[in-house]
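Letter by letter, the chains look like this.
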Amino acid sequence: MIFIIFILGIILIVLAVKVQIKRISKALFVLAGSSAVIMALSAIQPAPGEGYYSGRIGAAAEWLFFILAQYLCPALLLASVIGIIVLIGKKRI
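The rules behind these values
Residues numbered from 1 in each chain as written. Predicted model: local features only at pLDDT ≥ 70, side-chain atom pairs only at ≥ 80, totals over all residues. Heavy atoms only, no water. Axes fitted to C-alpha atoms, helices over the stretch in contact; angles between N-to-C directions. Helix = DSSP H or I, 4+ residues; strand = E, 2+ residues; numbered from the N terminus. Parallel < 35°, antiparallel > 145°, perpendicular 65-115°, else oblique. Left-handed = near helix turned anticlockwise from the far one by under 90°. Contact = heavy atoms within 4.5 Å. Nonpolar A, V, L, I, M, F, W, Y, C, P; charged D, E, K, R; others polar.

### Let's talk about the packing of helix α1 (residues 2-18) against helix α2 (residues 23-43)
Packed helix pairs are characterised by how far apart their axes lie and by the angle those axes make with each other.
Now for step 1: The N-to-C vectors of α1 and α2 enclose an angle of 155°; their axes lie 8 Å apart at closest approach. It follows that α1 is roughly antiparallel to α2 by the angle criterion. The element α1 and its partner α2 pack so that their crossing is left-handed. Contacts between α1 and α2 pair Ile2, Ile5, Phe6, Gly9, Ile10, Leu12, Ile13, Ala16 and Val17 from the former with Lys26, Phe29, Val30, Ala32, Gly33, Ser34, Ala36, Val37, Met39, Ala40, Leu41 and Ala43 from the latter.
Now for step 2: Residues of the contact of α1 with α2, tallied by class, amount to 17 nonpolar, three polar and one charged.

What follows is the structure in structure tokens.
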């Protein structure tokens, strides 16, 4: 499932860059794709406290990946998808 999200995010970014659409639409598509890619990459990291990385910097990196994968990327993905739906509803895309 994570691999599918990763591939779809990359496809969305590539298509958004190549297609001639308005700036706000392009920004929302790139935001949706990049948050999907980062969410997939962060989700494969080990859970905080497992000791995969050593030292304080490693512990901070584990928590950073956890916060990215669990909270920030899904919120950005949801916001960009809602923005795209609104723009499609207003016929601006």
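Next, the rest of the story.
### Considering the packing of α2 against helix α3 (residues 55-89)
Now for step 1: Their axes nearest at 8 Å, the elements α2 and α3 cross at an angle of 155°. Considering their axes alone, α2 and α3 lie roughly antiparallel with respect to each other. The handedness of the crossing between α2 and α3 comes out as left-handed. Of the residues in α3, those in contact with Ile24, Ser25, Leu28, Phe29, Leu31, Ala32, Ser35, Ile38, Met39, Ser42 and Ala43 of α2 are Phe65, Leu68, Ala69, Cys73, Pro74, Leu76, Leu77, Ser80, Gly83, Ile84 and Leu87.

By themselves, these figures tell us nothing about what the structure is for.
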